[in-house]
Amino acid sequence: METLNRTGVTEFFLKGFSAYPALEHLLFPLCSAMYLVTLLGNTAIVAVSMLDVRLHTPMYFFLGNLSILDICYTSSFTPLMLVHFLSSQKTISFTGCAVQMCLSLSTGSTECLLLAIMAYDRYLAICWPLQYPVLMSRKLCLLLVGAAWVFSLLKSVTETVIAMKLPFCGPYVISHFTCEILAVLKLACGDTSVSEAFLLAGSIMLLPMPLALICLSYTLILVTILRVPSSAGRRKAFSTCSAHLAVVVLFYGAIIYMYMRPKSKEAHVSDEVFTVLYAVVTPMLNPVIYSLRNKEVKEAARKVWSKSWSCR
């Protein structure tokens, strides 16, 4: 049975907004523009954090990794989604579906861990300023980021392999614009309990636990800031973590809205549109938030820009 399944399933049809061609034509220029801004904005953040020596700190090292994650996440599905907006052939190969699923799971999982690491970094910087250079050493930064990437990749590969080895029932139509694992599992004919158990365990490790660490870090940060005697000192301390806090609220707020709200029996196109916009808008807003809320990033960007023009 499994052999017949593996040889029989060669591709999936991504339903997306195929029933709404006018909406697809509307979303194409909108998502194209946002994807371009995402690539340019996050690439600029990575370039500036590497080229400006003043930004060679743990905070901007983590920010650079966050920008790389956003580029990888959006690039895992947006180009194909844009092609499907203008094409009647909305198919993806079995292997391509597995790769897309693994990449989106891996980058999303890594971002959950990285946001928690960044909150811990802000906690050390504000609550333990004198010991901060020793506590958050270059070696520890590399270890934390490397562990987040490797753990998320191994988890995602495991979840993808278990899901894609299941027997699937035709027609192979995925009611999503990407190979989202929950949408793919709806096509499975066999027992999905093992796959669902892995997803549940992964969700607990990567959603409530990092969020709890973030909340604890910011609670301790708030207590420390309120003890600062001068209002100028409190504003300066809060400004160093306000951008990260905004990104956390945006990231987890959208996840909670999409996955924890009551599910209606009928799928609404507005929910699908929100999912598309969230997937494209969030990575686009991250560099915008950090550049607008951070004077160091703006000054470094101006410095790099002026140098590039003077060289010409």
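Cut-off values and rules
- Residues numbered from 1 in each chain as written.
- Predicted model: local features only at pLDDT ≥ 70, side-chain atom pairs only at ≥ 80, totals over all residues.
- Heavy atoms only, no water.
- Phe/Tyr/Trp six-rings, centres within 6.5 Å; stacked < 30°, edge-to-face > 60°.
- Helix = DSSP H or I, 4+ residues; strand = E, 2+ residues; numbered from the N terminus.
- Buried < 20%, exposed > 50% of the residue type's maximum accessible area, 1.4 Å probe, protein only.
- Disulfide = S-S within 2.5 Å.

Peer 1: What should I look at first to understand the packing of aromatic side chains in this one?
Peer 2: Each aromatic ring pair is characterised by the separation of its centres together with the angle its planes make. For the coordinates displayed, the defined rule picks out 9 aromatic pairs. Judged by centre distance (5.6 Å) and plane angle (85 degrees), the ring pair of Phe12 and Phe168 falls under edge-to-face. Here Phe12 is found in strand E1 (residues 11–14), whereas its partner Phe168 is found in the loop between helix H7 (138–164) and strand E3 (173–174), with 156 residues between them in sequence. Grouping residues by exposure puts Phe12 and Phe168 together as buried. Taking the centre distance of 5.2 Å and the plane angle of 85 degrees together, the rings of Phe251 and Tyr252 count as edge-to-face. The buried category is assigned to Phe251, whose relative accessible area is 6%. In this structure Tyr252 comes out as buried when scored by relative accessible area, which is 5%. An aromatic cluster is defined as three or more aromatic residues linked by ring pairs; in this entry it consists of Phe12, Phe94, Phe168 and Tyr172.

Peer 1: When you look at the state of the cysteines in this model, what are you seeing that I'm missing?
Peer 2: Overall, the coordinates contain 2 disulfides when judged by the stated rule. A sulfur-sulfur distance of 2.1 Å marks the disulfide that ties Cys97 to Cys179. Judged by the torsion about the S-S bond (-125 degrees), the Cys97/Cys179 disulfide is left-handed. In this pair, Cys97 is assigned in helix H5 (residues 94–127) and Cys179 in the loop between E3 and helix H8 (181–185), connecting sequence segments 82 residues apart. When its relative accessible area of 0% is taken as the criterion, Cys97 is described as buried. Disulfide connectivity for the protein chain, with bonded cysteines indexed by sequence position, reads 1-3, 2-4.

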